[in-house]
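Coordinate analysis (summary)
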Amino acid sequence: MTISVSMTVNGKTVSGDVEGRTLLVQFLREQLHLTGTHVGCDTSQCGACVVHVDGQSVKSCTILAAQANGTEVVTIEGLADGATLHPMQEAFREHHGLQCGFCTPGMLATGYDIVRRLPDADEARIRRELSGNICRCTGYHNIVKAIKAGAEKMSAA
Amino acid sequence: MYNFEYNRPASLDDALKALSSGDEVKLMAGGMTLIPTLKQRLAQPSKLVDLSGVAELKGITVEGNAVVIGAMTTHATVAASAEVAAKIPALTKLAHGIGDPQVRNRGTLGGSISNNDPAADYPAALMALGATVTTNKRQLAADDFFAGMFTTALEEDEIVLKVSFPIPEKAAYAKFAQPASRYALVGVFVAKTAGGARVAVTGAGEDGVFRVAAFEDALSKNFSAAALDGIAIPAEGLNSDIHGAADYRAHLIGVMAKRALQAAG
């Protein structure tokens, strides 16, 4: 049995047929071919799959595509403005906030969410807010630096 | 995960109809435990009823001497609520300490207590504050609601609507979190209520959340960390696993209770 879903992804209306069990991340990657969102652990621990649903950061491996029906989804592909990187992406580039890059889409999604909710977050708070994102290269220092710098860029923008 | 039929009713009546439709139906609140459970094929419902469309299950109000929280209210909403922070700040801290930000954006009070994970945080708050659970059928005291590991008094056709938390004189929650999962290895909620002191422990008991009568008796006379000096918690009936042996958890109960009392002031 399939369910027809329709949602806004990165500003565009998309629709498709999914099964009840189809995860949002499967819908994004396999049906919409938006493969920037990664599946790291598939057990809602690592945060590589973080996207925004109706403005909230969520783990797309632990939400059904059907639950996202009618929502507004933003993935890593929706952050940049054409060839111009989002200030948070630019900050990650400048501060080398990545090593292998696998966790980066989730780190960016969470980083952007932290700054939006807590524009003045200090380093300790940023670290706490990153508790749902794991970097297996353990490059946390530069990720935290990048988010702090991204916050400054975002407030200046 | 096995496939299932997905339903998202827009009202409580429709949810109840779907629940009694005779199939093997499972209710889904935030899904933060249920979806991983389905992935592991530990549950195989033929129909999933997503309660997120039922508006009447959401919201926070102060009613008389109680804070009333709708079952589908997320942990993030509770953590950010000015009413909760003003009336029961211990609950703010507890909600803010569940899982991680993404889990708190989806996970709900009703889902947490209905699942009754033996290491979940909310059951300790309900037990220590003497909360009342309202379902579509009845009202249940927290002491009667929780019935052992992953078990509650809920019947098959029963849905939690809201929880009423009486506002205590003082309360605090101290959790020793398992660093990977953020579940409580031991979590202790202490409350000074009109009816005396109440202490509830999560994460440690083989049968899930439980109250500590010896602590409550001592704290009803003197609500301070010093009142617990010399009261040992027996290791019998406590969990032993790779994260901590029963005697370690028994010791932690005393430590976390004292930390909670210091925080409660």
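The written sequence of each chain sets the order in which its residues are numbered from 1. Each chain gets a letter, beginning with A, and each ligand a number, beginning with 1, in the order they are written. Given that the model is predicted, a residue must reach a pLDDT of at least 70 before its local features are reported, and side-chain atom pairs must reach 80 or more before they are shown or counted; all residues, however, enter totals for whole chains, interfaces and linings. Hydrogens and waters are ignored; side-chain quantities use all the structure's heavy atoms.

1. Some remarks on the overall build of chain A
Quick reminder of the rule: The helix and strand labels rest on DSSP assignments: H or I over at least four residues marks a helix, E over at least two residues marks a strand, and numbering proceeds from the N terminus. Radius of gyration: over C-alpha atoms. The globule rule applied is 2.2 Å multiplied by the number of residues raised to the 0.38 power. Between two residues, a contact is recorded if the distance between any of their heavy atoms is within 4.5 Å.
Summing up its helical and strand segments, chain A has five helices and five strands in all. Counted from the first residue to the last, chain A has its helices and strands arranged as β-β-α-β-β-β-α-α-α-α. Computed over C-alpha atoms, the radius of gyration of chain A comes to 15 Å, within 12% of the 15 Å expected from 2.2 N^0.38 for 157 residues, which places it in the range of a compact globule. Considering only contacts in chain A between residues 6 or more positions apart, those separated by 24 or more positions represent 54%.

2. Considerations on the sheet that holds strand E1 (residues 2-9) of chain A
Residue and element names in this part refer to chain A. The cut-off we apply is this: Two strands qualify as a pair provided that DSSP identifies no fewer than 2 bridges between them. Angular values range over 0 to 180 degrees, each being the angle between N-to-C directions of two axes fitted as lines to C-alpha atoms, with helices fitted over their stretch in contact.
Overall, mixed pairing links the five strands, which are arranged E2-E1-E5-E3-E4 in an open sheet. Each edge of the open sheet carries a strand with a single partner, namely strand E2 (12-19) and strand E4 (56-59). Within this sheet the neighbouring strands show an average axis-to-axis angle of 40°, counted without direction. The pairing of strand E3 (residues 50-53) with E4 spans four bridges and is antiparallel. Counterpart to Val53 in the pairing with E4 is Gln56. Contacting E3 and E4, helix H3 (residues 104-117) crosses the sheet at an angle of about 45° to E3.

3. Things to note about the sheet that holds strand E12 (residues 210-211) of chain B
Residues and elements named next belong to chain B. With antiparallel pairing, four strands are arranged side by side in an open sheet as E9-E10-E11-E12. Looking at the sheet topology across the chains shown, the edges are occupied by strand E9 (170-177) and E12. Note: strand E11 (residues 196-202) against E12, two bridges, orientation antiparallel. Its bridge partner lying in E12, Val201 is registered against Phe210. Running over the sheet, helix H11 (residues 246-264) touches E9, strand E10 (184-193), E11 and E12 and is turned about 40° from E10.

4. Digging into the environment of Asp17 of chain A
Residue and element names in this part refer to chain A. Our working definition: Nitrogen and oxygen atoms within 3.5 Å of one another constitute a polar contact, given that in protein one can donate a hydrogen and the other can accept it, and given that sequence-neighbouring residues count only through two side-chain atoms.
Positionally, Asp17 belongs in strand E2. Along the backbone, Asp17 and Ser6 are eleven residues apart, and their C-alpha atoms lie at a distance of 8.9 Å. The residues touching Asp17, leaving out its near neighbours within four places in the chain, are Thr2, Ile3, Ser4 and Gln31. A polar contact is formed between the side chain of Asp17 and the side chain of Ser4, at a distance of 2.9 Å.

5. With respect to the pattern of salt bridges
Close approach of charged atoms lets side chains of opposite charge pair. Residues and elements named next belong to chain B. To keep things clear, this is the line we draw: By definition here, a salt bridge exists when the distance from a side-chain nitrogen of Lys or Arg to a carboxyl oxygen of Asp or Glu is within 4 Å. For every residue, the accessible area (1.4 Å probe, protein chains only) is compared with the maximum for its type, and the residue is labelled buried under 20%, exposed over 50%, or partly exposed between those bounds.
Throughout the structure, instances matching the rule amount to 23 salt bridges over all chains. Of the charged contacts, one joins Arg211 and Asp143 as a salt bridge, the two residues approaching to 3.1 Å between their closest N and O atoms. Placement of the pair is Arg211 in strand E12 and Asp143 in helix H9 (residues 142-145), with a sequence separation of 68 residues. The exposure class assigned to Arg211 is partly exposed, which follows from its relative accessible area of 29%. On the accessibility criterion, Asp143 (34% relative accessible area) is partly exposed. Lys192 is paired through a salt bridge with Glu169; the nearest N and O atoms lie 3.8 Å apart. Taken together, the positions of Lys192 in strand E10 and Glu169 in the loop between strand E8 (160-166) and E9 put the pair 23 residues apart, joining distant regions of the chain. The class for Lys192 is partly exposed, based on a relative accessible area of 28%.

6. Overview of the packing of helix H5 (residues 89-96) of chain B against helix H8 (residues 122-129) of chain B
Residue and element names in this part refer to chain B. Note the threshold: Angle categories are assigned with fixed cut-offs, so that under 35 degrees is roughly parallel, over 145 is roughly antiparallel, 65 to 115 is roughly perpendicular, and the rest are oblique. Here a crossing is called left-handed whenever its near helix is offset anticlockwise from the far helix by less than a right angle, and right-handed whenever the offset is clockwise. Residue polarity is assigned by list, with Asp, Glu, Lys and Arg as charged and Ala, Val, Leu, Ile, Met, Phe, Trp, Tyr, Cys and Pro as nonpolar; anything else, Gly included, falls into the polar class.
H8 packs onto H5 with a crossing angle of 165° between their chain directions and a minimal axis gap of 10 Å. With respect to H8, the element H5 is oriented roughly antiparallel. The crossing of H5 and H8 is right-handed. Between H5 and H8, the residues in contact are Leu91, Leu94 and Ala95 and Tyr122, Ala125 and Leu129, respectively. For the contact of H5 with H8, the residue count by class is six nonpolar, no polar and no charged.

7. Thoughts on the pairing of strand E5 (residues 66-70) of chain B
Residues and elements named next belong to chain B. Within E5, five of the five residues are buried, leaving the element largely enclosed by the surrounding structure. Here E5 shows two buried faces, one formed by Ala66, Val68 and Gly70 and the other by Val67 and Ile69. The pairing of strand E4 (residues 60-63) with E5 spans four bridges and is classified as antiparallel. The residue bridging Val62 from the neighbouring strand is Val67, located in E5. Hairpin remark: E4 followed by E5, antiparallel, with two residues in the connecting loop; positive phi at Gly64, about 60°. Sheet analysis places E5 next to E8, joined by five bridges and oriented antiparallel. By the bridge assignment, Val67 is partnered in E8 with Phe165.

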